[in-house]
Amino acid sequence: MTNLFPESKTGIVGWGGYVPIYRIKLSEIVKMWGMQESLPQILNVEEKSVDNVDEDALTMGFEAARIALERARVNPSLINAVFFGTESKPYAVKPSATAIAEALGITPVTMASDLEFACRAASEALRASIGLVSSGMMKYALVIGSDTAQANPGDVLELTASSGAVAFIIGPREESAAYFEASYSYVTDTPDFWRRALSPYPLHGEGFTGEPAYFAHIVGAVKGLMEKTGLKPTDFDYAVFHQPNGRFPLKVAQKLGIPKEKVLPGLVTPRIGNTYNASALLGLAKILDQAKPGNRILVAPFGSGAGSDAYSIVVTDLVEEKRKNGTLLSFFIENKVNVSYSTYAKNRGLIKRIDGWSL
Amino acid sequence: MTSVYISGLGLLPIDRHYDKSLTQLALEASREALDSAGEYDIDTIIIASNYSTLLQRLSMLASLVAEELVPKGLQVFNVENGGVSGLTAVHLARALIKSGLSRNVLVIGVDKQSDYPQSIVNQTSLTQVNYEYHGIMGVSLASLYALSASLYLSKHQLNEEDLALWPVVMHENAVDVPHAQFKSKITVQNVLQSDYISAPIRVLHAHAQADGASAVLLSSNKKESTIATVEASHVVSGKVEYELNEDPLHIEPVEKAVKTVLMQASLDKNLIGLIEVLDMYSIGGPLLLESSGIIPKGETLKRLKEGRFKLGDSVAINLSGGIKGRGFVEGATGVYQIAETVAFLSGYRGYKQQYTDYALAIGVGGLSSVAAVVLVKRI
Amino acid sequence: MAKLSISIFWRVRKHLYTLEGRKCLECGRAHFPPKNSCPYCGSTKLVEYYPPKKGKLLVWTKLYETCDDRSAYRPIYIGLLQLGELRVVLPLTDIYDEGKLKPGIDVELVLRRYVEDSDTGLIYYGLKARPIL
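Definitions and limits used
Residues numbered from 1 in each chain as written. Chains lettered and ligands numbered in written order. Predicted model: local features only at pLDDT ≥ 70, side-chain atom pairs only at ≥ 80, totals over all residues. Helix = DSSP H or I, 4+ residues; strand = E, 2+ residues; numbered from the N terminus. Buried ≥ 20, exposed ≤ 12 C-beta atoms within 10 Å, placed from the backbone. Contact = placed C-beta atoms within 7 Å. Nonpolar A, V, L, I, M, F, W, Y, C, P; charged D, E, K, R; others polar. Core = buried A, V, L, I, M, F, W, Y, C linked by C-beta atoms within 7 Å. Pairing = 2+ DSSP bridges. Axes fitted to C-alpha atoms, helices over the stretch in contact; angles between N-to-C directions. Parallel < 35°, antiparallel > 145°, perpendicular 65-115°, else oblique. Left-handed = near helix turned anticlockwise from the far one by under 90°.

Draft legend 1. Quick look at the overall build of chain A. A tally of helices and strands in chain A yields 12 helices and 15 strands. Projected onto its principal axes, the C-alpha coordinates of chain A cover approximately 55 × 55 × 35 Å. Sorting the 359 residues of chain A into buried and exposed places 55% on the buried side. For chain A, long-range pairs separated by at least 24 residues make up 78% of all intrachain contacts whose partners lie at least 6 apart in sequence.

Right, dumping it as structure tokens:
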């Protein structure tokens, strides 16, 4: 099975994750907006990460990419694509990918663009990169998923929309800490969650975001992958799903017949919230921080609009050496400072101001 | 050898002159200088100003002033050189006189900061760091002086209280200075209780927004009104990023400029009994005095505590009140410094008098970007 | 109303993103920002120098007197740092406990925003330093 699909020529040569240092407890948000007090428990999320005033999706993406590069140990000029998956771009028009590429020494001979597909843009970029690398068009591609996720203040989404970034350098299987056995995408036109062009915050369909969206597409993608490859739930040591809260991943695992013990190691949302494009993929990064050679990992990101991907990833002998060369995700998760709602509001730009004086 | 005589002084009170424009302030200071000088046929006007272009949008202020003073036309220069614009203008005047290209030069220093709120003034200070790097980063001049202050205090085992003495003494000195911005005394407590501008520099270590103008008439002709000479002067560039200096606490261009001036005049530094030093954020005082070699390293604040440097001391420092008491008017300050050294040397118009022959005016632009020194002698 | 220049930043973007300095081949000293001649010996024989990601804090200050477009970042923490062979002054970030800012602590370089030009103009990015946790 290992060489059946073009994906198997490629793998993860380096990976990195970044979470800002600040956190706000969900109970603070609940209190501020008079929400149901049991919501944090229902969502199984304790607190969420908050970007500092001088951070944004671009700066966080750079930090994650830098760690991935430290693990990959490749010449930046050999990276010929930089994809930035986000739904919180600092500029609606002007790619963040180019600034990151410049900062890492990857420019000028490179592809670069920002992708949008709610929370699965980075995953789409991952599949595209697998195609670019396995075809021989380039040796390495850099994929970044990063968001300073937005939510209407007072809406239940505010309880989980958080900030974080993840990055992967895709390259030849021989240089990888984990290679791609196979991948699959399952996409339909399903508007469960959206943000209009000039709107600062999204709208979502509450219950509609569940069965018709999240569950239908993840199940569709995972079942498709299993059919394509002949793999069964028991073949996997870990399963990482898109994690909008601390419950959905466990529920979808149950639907797929995957025991929760395989899901818990990659479940980061209870500690840091939903980092949108980094959501599932940070779970993957966390698994790579602890997995053993030979482990098989199921990864299924999901993005509203809607679509899901499913990957079967097998860890190689190179994982332990590469792990050592970069900061572990747990370092970012554990090192945290709690802030009040007022500081969070200031950092997130929720406080209305006008421009002052300037020459 | 042509001498450079100082024959007229103008010193406008430093204040927020909302009702006066840049041109008006310059003209007022000029008329004062011309009145006290008597009959002089001005053939050159040099304006020293840092922000006339950026704030008042006037890039040719010298022409505006010249057309009202000498309608027939004369040589005009606009000098912009950070905190040493004024001293540079005097140096330039001296060069023109000694070369014979000018005979009677009116040097006017003028700036206005009160036309905009403090946040704009803060922004303008980014033009005095390396804008492309520190300016973009938001690292203003105040923060660089603050870092220097931290280094200085820890190196010489001093604390904020020791530094607070400087503005206290400056305010004391300014009490009997007619043109000073602040003529009231303050205490060390007042200083330490004032808010931080950039720790450890506090509001009461620093200058307040102000407008002002000062003028001096320099000439190759000695007349009855002549009260002093410019004996020597020098301008030396240094490092814009002060952290690139070998010793960040040693401002090299100041050392070079003072050495050169003393050599030009063949003067022993111990014969200088009066100094006006640009004491930006208070720490500038000790930094420049010690970099010049006039006071040993680490000694300035200690000696200040012992009561040194007052009127009557072997060397009196900043009898004007410095940037805190007298005030800081950007490009105009250097001209104020020269006018003050002359006034204190001669007892001009009832100003207190320091009995000495030689006075030194020392300044820097930025922190170590450029230094200028002018030696003045009493007649 | 956009106020910040495009090309003033664009010319130095690589230097701000990487803290690229210069090393003198004659005297061996390194400096930032990159100059055309060595500030120590004056030689023009210079090569690129990139400092390590980690370094030490020498002294720090916190700047309150900022302009309006940086008011959201006030007070701006600024430090004099030793990064490899470079002695530089850089803004500091993620300072949640001033008590931890002691001379000699380890710091690391991170990419952050320096300033934004209102809601419509450019965002200037570059390296700052933060204490290593």
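That shown, we press on.
Draft legend 2. Spotlight on unusual backbone geometry. Between A199 of chain B and the following residue, P200 of chain B, the backbone shows a cis peptide bond with an omega angle of 5°. As for its placement among the helices and strands, P200 of chain B is situated in the loop between β5 (196-198) and β6 (201-202). In this chain, R74 of chain C is followed by P75 of chain C through a cis amide linkage whose omega measures -10°. As for its position among the elements, P75 of chain C is in the loop between β4 (54-63) and β5 (76-83).

Draft legend 3. Structural view of the interface of chain B and chain C. The partner chain C presents 29 residues to the 27 residues of chain B that form the contact. Broken down by secondary-structure element, the contributors of at least two residues to the side of chain B that touches chain C are α4 (118-124), α5 (131-137), α6 (141-155) and β5 of chain B. Per-element tally for the side of chain B that touches chain C: the top contributor is α6 of chain B, with seven residues. Its residues assigned to classes, the side of chain B that touches chain C shows 13 nonpolar, 10 polar and four charged.

Draft legend 4. The environment of V219 of chain A, seen in detail. Within the fold, V219 of chain A resides in helix α6 (residues 210-229). Apart from the residues within four sequence positions on either side, V219 of chain A is in contact with V252, K255 and L256 of chain A.

Draft legend 5. Quick peek at the nonpolar core. Ranked by size, the top nonpolar core spans 283 residues in total, and within it I100 of chain A together with V107 and I108 of chain B carry the most contacts. Considering each element in turn, this core owes the most residues, 10 residues, to helix α3 (residues 57-72) of chain A. In this structure, I108 of chain B is in contact with A26, A29, S30, I45, I47, V65, A213, A215 and V335 of chain B, ignoring residues within four places of it in sequence.

Draft legend 6. Local environment of the sheet that holds strand β2 (residues 44-48) of chain B. Residue and element names in this part refer to chain B. Spatially, β3-β2-β4-β7-β1-β8-β12-β11-β9-β10 is the arrangement adopted by the 10 strands of the open sheet, whose pairing is mixed. The open sheet has two free edges, formed respectively by β3 (75-79) and β10 (316-317), since each of these has just one partner strand. Along the sheet face, helix α2 (residues 61-69) touches β2, β3 and β4 (104-112) and points at about 140° away from the line of β2.

Draft legend 7. Spatial organisation of the interface of chain B and chain A. The interface is formed by six residues belonging to chain B together with four residues belonging to chain A. A class-by-class count of the residues in the side of chain B that touches chain A yields four nonpolar, two polar and no charged.

Draft legend 8. Inspection of the pairing of strand β6 (residues 140-148) of chain A at higher detail. Residue and element names in this part refer to chain A. Burial within β6 is extensive, with nine of its nine residues counted as buried. Side chains Y140, L142, I144, S146 and T148 project from β6 onto one buried face, and the interleaved A141, V143, G145 and D147 project onto a second face that is buried too. Where strand β4 (residues 79-85) lies against β6, five bridges are found, and the strand directions are parallel. Each bridged residue has a counterpart across the sheet, and for G85 the counterpart in β6 is G145.

Draft legend 9. Seen up close, the packing of helix α1 (residues 22-37) of chain B against α2 of chain B. Residues and elements named next belong to chain B. At their nearest, the axes of α1 and α2 sit 10 Å apart, and the two run at 50° to each other. In terms of their interaxial angle, α1 and α2 are classed as oblique. The crossing of α1 and α2 is right-handed. Across the interface between the two elements, L22, T23, A26, L27 and S30 from α1 touch L61, L64, V65, E68 and L69 from α2. A breakdown of the residues in the contact of α1 with α2 according to their chemical character gives seven nonpolar, two polar and one charged.

Draft legend 10. Just the environment of P200 of chain B, in detail. Look at P200 of chain B and you get buried, because 23 C-beta atoms sit within 10 Å. Not counting chain neighbours up to four residues away, the residues in contact with P200 of chain B comprise A146, A149, S150, L153, E160 and L163 of chain B.

Draft legend 11. Molecular detail of the packing of helix α3 (residues 85-99) of chain B against helix α13 (residues 333-346) of chain B. Residues and elements named next belong to chain B. Where α3 contacts α13, the two axes come as close as 5 Å, and the packing angle between them is 65°. Classified by the angle between their axes, α3 and α13 sit roughly perpendicular to one another. Contacts between α3 and α13 involve S85, G86, L87, A89 and V90 from the former and T333, G334, V335, Y336, Q337 and I338 from the latter.

Draft legend 12. Quick look at the sheet that holds strand β1 (residues 21-24) of chain C. Residue and element names in this part refer to chain C. Taken together, the three strands give an open sheet; going across it, the order is β2-β1-β3, and neighbouring strands pair in antiparallel fashion. Every interior strand has two partners, whereas the edge strands, β2 (30-31) and β3 (46-49), have only one. Here two bridges tie β1 to β2, and the two strands are oriented antiparallel to one another. Of the residues in β2, the one forming a bridge with K23 is A30.

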